[in-house]
Amino acid sequence: MNLPERRDIRFTFPELLAWMESPMFGFRPFGQIVRVEDYIADGRYVLRAELPGIDPDKDVEVTVDGGMLHIRAEKTRKSAEPHRSEFAYGSLSRTVTLPATARTDDVKAVYKGGVLEVSVGLAEEKKAEGRRITVEH
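What this report covers is the structure whose coordinates are included nearby.

Each value, and the rule that gives it
Residues numbered from 1 in each chain as written. Predicted model: local features only at pLDDT ≥ 70, side-chain atom pairs only at ≥ 80, totals over all residues. Heavy atoms only, no water. Pairing = 2+ DSSP bridges. Helix = DSSP H or I, 4+ residues; strand = E, 2+ residues; numbered from the N terminus. Axes fitted to C-alpha atoms, helices over the stretch in contact; angles between N-to-C directions. Buried < 20%, exposed > 50% of the residue type's maximum accessible area, 1.4 Å probe, protein only. Core = buried A, V, L, I, M, F, W, Y, C linked by side-chain atoms within 4.5 Å. Contact = heavy atoms within 4.5 Å.

## Thoughts on the sheet that holds strand S2 (residues 36-41)
And then number 1: Across the sheet, which stays open at both edges, the four strands sit in the order S2-S3-S8-S7 with antiparallel pairing between neighbours. The sheet is open, and its two edges are formed by S2 and strand S7 (102-112), each paired on a single side. Going across the sheet, the axis of each strand differs from the next one's by a mean of 20°, ignoring polarity.

## With respect to the pairing of strand S5 (residues 68-81)
And then number 1: Pairing between strand S4 (residues 60-65) and S5: six bridges, direction antiparallel. Bridge pairing in S5 places Val60 opposite Ala73.

## As for unusual backbone geometry
And then number 1: Of note in this structure, Asp42 is not a glycine but carries a positive phi near 50°.
And then number 2: Tracing the chain through its elements places Asp42 in the loop between S2 and strand S3 (44-50).
And then number 3: We classify Asp42 as exposed; its relative accessible area is 82%.

## Observations regarding the nonpolar core
And then number 1: Membership of the largest hydrophobic core comes to 16 residues, with the highest contact counts inside it found for Leu47, Ala49 and Leu51.
And then number 2: Looking at this core, the elements that each hand over two or more residues are S3, S5, strand S6 (84-97) and strand S8 (115-122).
And then number 3: Sequence-distant contacts of Ala49, defined by excluding residues within four places in its chain, comprise Val34, Arg35, Val36, Ile71, Gly114, Val115 and Leu116.

Laid out in C-alpha cells, this is it:
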C-alpha cells in the first residue's frame, strides 16, 4: 500500500497560528503575546517587555517559579467620542526560561515609558572541570 507523503506538522502549525493571529482575523486563542527582548549585561539577565498603556500598580504581575519568569498583564482601554465609544481589553502573558545561574532572590522590575524591564542577578558560572570516569566491568 502506498501512503501519501506526510508533511511535518511542526513546520506548518506555527505558520497557521501566525496567520490566525494576524490583525485581519483577530483570533487569539491563547491571549495576546507580550513582545520581549532579553540579554545579559553587567552580571544580570535583563528582559524588556513591551506593555504600553497599562497601570503597573494594578495590571501587571511578575513572578519567578521553577527557573521560569512569568509576566502577566491585563489591558483595558476605553475611548468615548460624541457619537461613538469603543473599548478594548485582554490578557497578555509571557513566560521565559531563566539562565541556569539565575539568582531568583535578586529580581528587580521597573516600568517606564510602556516598557517593563525585569532584571535577575546571575551567580558566577563555575567552569566544569573534566575528570576521568572509571569504567566498571
